[in-house]
Amino acid sequence: MSLVDVREAVTRAHHEEWARVVAALARRFGDLDVAEEAAAEAFATAVERWPADGVPPNPGAWLTTTANRKAIDRIRRESKRPDKQKQAQMLYDDDPPAPVGVIDDDRLRLIFTCCHPALAMETRVALTLRMVGGLTVPEIARAFLVQETTMGKRITRAKAKIKEAHIPYRVPSAEDLPARVSGVLAVLYLVFNEGYLATGPDTDPVRHDLTAEAIRLTRLIRALMPEDGEVAGLLALMLLTEARRPARISANGELVTLDEQDRGAWDAALITEGHRLVRERLAAAAAGVAPGRYQILAAINAVHTSARDIRDTDWSQVVALYDQLVRLDPSPIVALNRAVAVAELDGPEVALTSVDRLEDRLAAYHAYHATRADLLRRLGRSSESRAAYDQAIELAGNTAETAYLTRRRDQLG
Amino acid sequence: MQYLVSVIDDTAGLATSDEQAAIDVFNDQLKADGYWVFAGGLGSPSNATVVDNRGAEIVFTDGPFVESKEHLAGFWILEAPDLDVALKLAAQGSKACNRKIEVRPFL
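Everything numeric here is computed off the predicted structure, so don't read it as measured data.

Novice: I tried to follow the side chain of A:Asn398 on my own but got confused; where do I start?
Specialist: Residues and elements named next belong to chain A. Mapping Asn398 onto the fold places it in the loop between helix H19 (382-395) and helix H20 (399-410). Residue classification places Asn398 among the buried positions, given a relative accessible area of 2%. Here the side chain of Asn398 touches Ala400 through a polar contact of 3.1 Å, landing on its backbone nitrogen. Setting aside its immediate chain neighbours within four residues, Asn398 contacts Leu197, Ala198 and Pro205.

Spelled out as structure tokens, the structure:
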């Protein structure tokens with residue numbers, strides 16, 4: 001087996017096994033810190049040993065065994081210090097076995113603990129991406145536009161609070177579930193987006209592992225809460241986005257925007273499943289259940305995926321849905337996306353006016369500059385467009401997006 | 001696992017009789033369910049005295065150690081298996097005494 005193959009095996013094992021290893025260790029040893037460190041050590045050992053010893057037949061089992069051993073070593077080491085002895089068991093699960101019908105999965109326990117309401121939202125996201133997604137601290141910092149040291153401290157502080165305040169390691173009871181789920185959905189959507197538009201110069205532009213994991217866990221929560229509209233909405237949104245993935249990156253690794261995608265390459269099965277979920281939620285909305293943001297976003301994506309050709313897109317429907325979304329979520333990013341749709345309906349000049357109003361809040365966001373660059377290009381304002389492309393390229397973290405923006409800039413007259 | 005459940009007050013007033021009655025009901029329930037360790041209401045912060053005996057002489061200072069708009073008006077010490085239970089009890093306590101509550105674990 002070549003070194004490249006071994007490296008690929010390690011990467012694949014990391015994508016497939018990280019959450020499972022951390023979750024199992026957290027359950028066994030009752031400590032997120034121990035679980036995270038032992039998992040990281042096990043993967044580091046794999047990087048060292050697999051090139052010489054070969055990739056084990058069952059990498060997941062090898063990693064779990066190795067991580068278990070690392071954790072036991074660490075606990076033995078620390079138990080020699082008396083003040084540490086008291087802290088041996090830190091995560092609690094005093095509940096009787098889960099009632100029939102409630103799905104139990106160590107990774108779900110891990111997610112609910114990482115998404116606990118006693119933690120700040122930004123902390124839940126960071127912790128879930130680290131503990132469940134297996135992203136590194138620099139990757140997470142990049143995804144949220146904060147310093148690495150700040151992100152590192154945020155995660156450390158979260159683990160300390162979970163330990164000291166006894167945040168439990170379990171799937172919440174049925175009565176607490178709805179409130180706990182919305183926090184989890186926000187986190188999963190961010191994980192999905194990190195997969196869909198991965199950051200980092202050495203990262204694949206689309207990390208199917210992350211999008212697939214986000215979809216897998218969202219499906220699990222859907223099975224757990226089939227009545228929850230936002231769970232269905234988020235799943236539909238993810239499916240309809242994931243369906244376009246095959247057409248989204250060109251053969252030479254460049255991002256292909258929606259208008260240029262080969263719609264025949266879209267995944268028809270995912271679209272069918274996504275549309276079915278959207279129809280289910282439209283029926284609920286017609287019966288008076290107000291849709292949340294994921295359901296609206298899913299509906300927008302249903303409009304896009306219903307058009308066989310970009311010219312068939314019902315842009316007035318898209319803008320109407322964005323208007324509905326703005327009322328729920330007045331964030332500048334929603335306003336930016338609405339402006340993109342407005343450009344198709346009312347022209348780039350109208351859209352640019354809306355986009356320019358967002359400068360104060362989005363100056364550090366690459367998509368703001370990329371959107372401006374495109375609108376300026378369509379208005380024939382080449383030198384301003386070039387400057388905007390330059391800023392977008394500087395801020396973009398995704399390799400395929402950088403390649404696309406660079407080509408577009410270089411094609412300016 | 002024990003938690004200090006503090007009552008944060010931003011008014012000068014004591015509990016009204018309705019609030020006091022609700023607190024009594026809550027306390028009885030805590031005792032019946034086995035969560036109760038201790039509880040107490042506190043006098044006004046302006047009646048506090050700060051004592052510092054780290055130096056050569058004892059220094060007494062009239063008033064609270066920190067002047068702020070919000071102050072500690074009382075507290076419970078609760079025995080609970082984990083933070084989920086403590087937060088639920090604190091939510092009931094907040095309703096009963098009609099004040100904000102801080103939940104903090106003991107070491």
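Novice: Looking at this model, I keep getting lost on the sheet that holds strand S5 (residues 71-79) of chain B. Mind explaining?
Specialist: Paired through backbone hydrogen bonds, the strands of a sheet run either parallel or antiparallel to each other. Residue and element names in this part refer to chain B. Overall, antiparallel pairing links the four strands, which are arranged S2-S5-S1-S6 in an open sheet. The two strands at the open ends of the sheet, each matched to only one other strand, are strand S2 (36-41) and strand S6 (100-105). For this sheet the average axis-to-axis angle between neighbouring strands, irrespective of direction, equals 20°. The pairing of strand S1 (residues 2-9) with S5 spans eight bridges and is classified as antiparallel. Bridged to Val7 within S5 is Gly74. Across the face of the sheet, helix H1 (residues 17-33) comes into contact with S2 and S5 while running at roughly 25° to S5.

Novice: I'm lost on the pairing of S5(B) in this one. Help?
Specialist: The side chains of a regular strand alternate between the sheet's two faces. Bridge count for S2(B) against S5(B) is five bridges, and the pairing is antiparallel. Each bridged residue has a counterpart across the sheet, and for B:Gly40 the counterpart in S5(B) is B:Phe75.

Novice: Mind showing me how you'd approach the environment of A:Leu321 here?
Specialist: Residues and elements named next belong to chain A. If you trace the backbone, Leu321 turns up in helix H14 (residues 315-328). Taking C-alpha positions, Leu321 is 41 Å from Glu36, a pair spaced 285 residues apart along the chain. In contact with Leu321, other than residues within four places in its own chain, are Ile296, Ala299, Ile300 and Val303.

Novice: Can you walk me through unusual backbone geometry in this structure?
Specialist: Glycine aside, negative phi is the norm for most residues, and most peptide bonds take the trans geometry. Look at A:His166: it is not a glycine, yet its phi comes out positive at around 60°. Residue placement: A:His166 occurs in the loop between helix H8 (148-164) and helix H9 (177-196). Of note in the backbone geometry, B:Asn98 takes a positive phi value of approximately 60° without being a glycine. Topologically, B:Asn98 is positioned in the loop between helix H2 (83-97) and S6. With a relative accessible area of 51%, B:Asn98 lands in the exposed category.

Novice: Mind showing me how you'd approach the packing of aromatic side chains here?
Specialist: The geometry of an aromatic ring pair is captured by the separation of the ring centres together with the interplanar angle, meaning the angle of the planes. By the definition in use, this model includes six aromatic pairs over all chains. Residue placement shows B:Lys31 over the ring face of B:Trp36; its charged tip is 4.3 Å from the ring centre.

So, how was this worked out
- Residues numbered from 1 in each chain as written.
- Chains lettered and ligands numbered in written order.
- Predicted model: local features only at pLDDT ≥ 70, side-chain atom pairs only at ≥ 80, totals over all residues.
- Heavy atoms only, no water.
- Helix = DSSP H or I, 4+ residues; strand = E, 2+ residues; numbered from the N terminus.
- Buried < 20%, exposed > 50% of the residue type's maximum accessible area, 1.4 Å probe, protein only.
- Polar contact = N/O pair within 3.5 Å; in protein donor to acceptor, adjacent residues only side chain to side chain.
- Contact = heavy atoms within 4.5 Å.
- Pairing = 2+ DSSP bridges.
- Axes fitted to C-alpha atoms, helices over the stretch in contact; angles between N-to-C directions.
- Phe/Tyr/Trp six-rings, centres within 6.5 Å; stacked < 30°, edge-to-face > 60°.
- Lys NZ or Arg CZ within 6 Å of the ring centre and 35° of its normal.

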